[in-house]
Amino acid sequence: MKELLRYLNPLARLGNKKYSVFFPLIFSIVVCVLSEMFAYGVVKNPEIVGVYIIFINVASIIYFAFRDGVKGGFTAVVVPIAYYFYIIYTRNYTGDRFIGGIEATLVLAALYLVLAGVIGWLKQTIDGLIEREADGRKRLESIIEQLPVGVIITDSEARVTQTNKQVENILGIGIPKGFVIGKDKPILDGQHKNKIITPSHSPVAQALVSGKQVTNREFLVEKRDGKRLFLQVNASPIRNGRGQIFAATSIVTDITAQKEMESRKDEFINMASHELKTPITSMKLYVDFLLGKIKEKDERVIKSLKSMKYQIEKMQELIAGLLDISRIQTGKLTFNKEQFNISELIKETISELQATTHRHKISLLNKAAINIYGDKFRISQVLTNLLTNGIKYSPDGGNINIGIKRQAGKILISVEDEGIGISKSEHNKIFEKLYQVVDPQVKTFPGLGMGLYITKEIIKRHGGRIWVENKKSRGSIFYFELPLKKT
Ligand code: ADP
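Small disclaimer: the values here were computed from a predicted structure and weren't measured. (Residues numbered from 1 in each chain as written. Predicted model: local features only at pLDDT ≥ 70, side-chain atom pairs only at ≥ 80, totals over all residues. Heavy atoms only, no water.)

Colleague: Give me the packing of helix α8 (residues 299–329) against helix α12 (residues 451–461): which residues, what numbers.
Modeller: Axis separation between α8 and α12 bottoms out at 10 Å; the angle between their running directions is 45 degrees. In terms of orientation, α8 and α12 fall into the oblique class. For the pair α8 and α12, the crossing hand works out as left-handed. Within the contact between the two elements, α8 uses G321, D324, I325, I328 and Q329 and α12 uses Y453, I454 and E457. Class assignment for the residues of the contact of α8 with α12 results in four nonpolar, two polar and two charged. (Axes fitted to C-alpha atoms, helices over the stretch in contact; angles between N-to-C directions. Helix = DSSP H or I, 4+ residues; strand = E, 2+ residues; numbered from the N terminus. Parallel < 35°, antiparallel > 145°, perpendicular 65-115°, else oblique. Left-handed = near helix turned anticlockwise from the far one by under 90°. Contact = heavy atoms within 4.5 Å. Nonpolar A, V, L, I, M, F, W, Y, C, P; charged D, E, K, R; others polar.)

See the structure below:
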């Protein structure tokens, strides 16, 4: 029954380019035969046929043109027109009646053909559009299926409508259609930023609510077989032509191998710096011992030993940086916070660093005493890093000014130089681990790209923030904000 209804329903055949001639032909012939039987057998008046048959014919032309296109529509025209001629012939029309009959039949034939043509053409155009859309969808599905990353597509309610096979390959378990991301219980247990994953962490749900892309969210999940998996997830909303969100996509990448590599690298840095620390500390002790023992007249030996000591101290700084990075990675960077006078600390740091350069003039613009709560040693590390950068990246010398401003519950410190500046596109990247600007001119400066990464972490762990701005003239200004009181 269902099959029969599908066969008869023209709407169910939209997009189906199989156009039948057989059904309209048989149907039209049956209508003509029934009409003849009605005229001769039931009402016994051959003249009665004419008017009623026209309604049936028009309806069947519309139906078949919509069901079987131009071909079906024309078939439903040809049979009745032939039947009309048959009526004129069998009813023995003569004179004006004959001519009138022929004229009416020709006019009807023209009208029927136009009707069948227009509706049939419309139906075929719609079929073409539907087919094109289906082709486009299939092409997209095939691309999605072959992507090396997991793809999840949802509707605007975050209900999964499609996934590719990579999702199952990565997670070891598929996500069923109809699963509501951000509402249903997460498919796998795991963590996001060391917190148990909850539906509210879902990037898709966040992208749908905010209407913005959510990028590079990392999750650590445990597969059903117990293996740990690092996932990177990106999600973005999809809008229609009117700008309304109707779906969202989520790209899931397995970054376990990359994470393991990074962790091995971090382990190596940690081990190497620990191993280097002991011999370098004893080297420095020996140099200090020799410097203490040497006779005053051995000027050249003293000079060499002093240079050696300076280089050893540089190495110690590098190792300290590497150890700090490793502490940050493993969450072992600890702080001894206390109340201290930051203005004093800035003055001390300035005098220490001013002694290393004659070409730069380091000044504190506002000398008011301000106390803050924090780790004095770590904050001095921040100041030293920003000032040494200011010196290092101002090869032609110039002024380096430090400003302090008290704001509601906070202190804002600025370090401004007249050096080479930093292009805007690098402003966020310079705070990343081991990042250095690749500009060939800047590349000539020595360094490992550790300083600002450590600096940012220290500021962050004090509840503050750091950023950089370009100056209108030459140079850059680094700003950092710290809360005045314990947070
Ligand atoms: P390093 O100085 O060892 O390379 P940092 O983490 O301190 O590492 O700085 C990262 C990068 O930021 C540097 O390589 C440099 O390109 C840029 N940079 C930092 N401070 C300045 C500055 N004051 N002026 C211009 N560029 C800077």
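Colleague: Mind laying out the pairing of strand β5 (residues 214–222), listing which residues take part and the relevant values?
Modeller: With two bridges connecting them, strand β3 (residues 190–192) and β5 associate as antiparallel partners. In the sheet register, Q191 faces β5, and the bridge partner there is L220. As defined by bridge partners, β5 adjoins strand β6 (residues 228–239) across seven bridges and the pair is classed as antiparallel. Residue pairing for β6: L220 is matched across the bridge by F230. (Pairing = 2+ DSSP bridges.)

Colleague: Requested: an account of helix α4 (residues 95–146), with residues and values cited.
Modeller: The end-to-end C-alpha distance of α4 is 76 Å, a good match for the 76 Å that 52 residues give at a rise of 1.5 Å each. Here α4 has its buried residues at G101, T105, L108, A109, Y112, A116, G117, I119, G120, K123, D127 and I144. (Expected span 1.5 Å × (residues − 1). Buried < 20%, exposed > 50% of the residue type's maximum accessible area, 1.4 Å probe, protein only.)

Colleague: With reference to specific residues and values, describe the sheet that holds strand β13 (residues 465–470).
Modeller: Strands sit in the order β9-β11-β12-β14-β13 across an open sheet of five strands; the sheet is mixed. Every interior strand has two partners, whereas the edge strands, β9 (360–364) and β13, have only one. Sheet twist, expressed as the average angle between the axes of neighbouring strands with direction ignored, equals 15 degrees. Taken together, the seven bridges between strand β11 (residues 398–407) and strand β12 (residues 410–416) define a ladder with antiparallel strand orientation. Paired with G403 across the strands is S414, a residue of β12. Running at roughly 170 degrees to β9, helix α9 (residues 342–354) makes contact with β9, β11, β12 and β14 (476–483) of the sheet. The strands that helix α10 (residues 376–392) touches are β9, β11, β12, β13 and β14; relative to β14, the one it contacts most, it runs at about 175 degrees.

Colleague: Give a detailed account of the nonpolar core, specifying residues and quantitative values.
Modeller: Judged by nonpolar contacts, the single largest core of 43 residues is most densely connected at I342, I346, I411, I430 and F480. For this core, the leading source of residues is α10, giving six residues. Non-local contacts of I411, meaning those with residues more than four positions away in its chain, are made with I342, I370, I372, I404, K405, F480, E481, L482 and L484. I152, I181, I197 and A248 belong to the second-largest nonpolar core, a separate cluster that totals 26 residues. (Core = buried A, V, L, I, M, F, W, Y, C linked by side-chain atoms within 4.5 Å.)

Colleague: Tell me about the sheet that holds strand β2 (residues 160–163), residues and numbers included.
Modeller: One open sheet accounts for seven strands, arranged β2-β1-β7-β6-β5-β3-β4; its pairing is antiparallel. Every other strand in the sheet has two partners, leaving β2 and β4 (195–196) as the edge strands with one partner each.

Colleague: How would you summarise the packing of aromatic side chains if you had to cite specific residues and measurements?
Modeller: Scanning all chains against the criterion turns up 10 aromatic pairs. A ring pair is formed by F431 and F478, whose centres lie 6.3 Å apart and whose planes are at 75 degrees; its orientation type is edge-to-face. Of this pair, F431 sits in the loop between β12 and α11 (440–443) while F478 sits in strand β14, and the two are 47 residues apart along the sequence. What makes F431 buried here is its relative accessible area of 5%. (Phe/Tyr/Trp six-rings, centres within 6.5 Å; stacked < 30°, edge-to-face > 60°.)

Colleague: Let's hear about the site of the ligand: which residues, and what values?
Modeller: Taken together, 21 residues are adjacent to the ligand, and N389, Y393, D417, Q436 and L452 come closest. Between K392 and the ligand, the recorded distance is 3.1 Å, taken from a side-chain N or O atom to an oxygen atom. Contacts to the ligand include G449, whose backbone N or O atom sits 3.1 Å from an oxygen atom. When the ligand is considered free in solution it has 530 Å² of accessible area, and contact with the protein chains removes 96% of it. Among the elements of the structure, α10, α12 and β14 are those that each provide at least two residues to the shell around the ligand. (Near = heavy atom within 4 Å. Polar contact = N/O pair within 3.5 Å; in protein donor to acceptor, adjacent residues only side chain to side chain. Areas by Shrake-Rupley, 256 points an atom, 1.4 Å probe, with all protein chains shown as cover.)

Colleague: A description of a nonpolar patch on the surface should follow, citing residues and the corresponding values.
Modeller: A cluster of nonpolar side chains, V21, F22, L25, I26, I29, V30, V33, L34 and M37, forms an exposed patch at the surface whose accessible area comes to about 790 Å². Summarising the element assignment, I26 is placed in helix α2 (residues 22–42). (Patch = residues over 30% accessible without salt bridge, like charges linked within 9 Å, V, L, I, M, F, W, Y side chains within 5 Å. Salt bridge = Lys/Arg side-chain N within 4 Å of Asp/Glu carboxyl O.)

Colleague: Describe unusual backbone geometry, and please don't skip the residues or the numbers.
Modeller: In this structure, A158 takes a positive phi of about 70 degrees despite not being glycine. Note that A158 resides in the loop between β1 (150–155) and β2. On the basis of relative accessible area, A158 is assigned to the buried category, the value being 4%. Backbone geometry at N216 places phi at a positive 50 degrees, although glycine is not the residue there.

Colleague: Give a description of the environment of G475 that names residues and reports values.
Modeller: Topologically, G475 is positioned in the loop between β13 and β14. Along the backbone, G475 and G398 are 77 residues apart, and their C-alpha atoms lie at a distance of 9.9 Å. Setting aside chain neighbours within four positions, we find G475 in contact with D417, E418, G419, G421 and N470.

Colleague: Give me the lowdown on the environment of L229, citing residues and values where you can.
Modeller: Within the secondary structure, L229 is located in strand β6. Here L229 falls in the buried class, since its relative accessible area comes to 5%. Each C-alpha atom of the pair L229 and R13 lies 47 Å from the other, and the pair is 216 residues apart in sequence. With near-sequence residues (within four places) excluded, L229 lies in contact with I170, L171, F219, L220, V221, K223, D254 and T256.

Colleague: An account of empty space enclosed by the protein is requested, with residue identities and associated values reported.
Modeller: Per the stated rule, a full pass over the model turns up one cavity of 30 Å³ or more. In this structure, the largest cavity occupies an estimated 420 Å³ of space. Together, 23 residues line the largest cavity, and I175, I181, P186, I187 and P203 are the ones closest to its centre. (1 Å grid on protein atoms, 1.4 Å probe; cavity = no way out; pocket = protein on both sides within 12 Å on 5 of 7 lines; lining within 4 Å. Points joined across faces, edges and corners; volume = space filled by probe spheres on them.)

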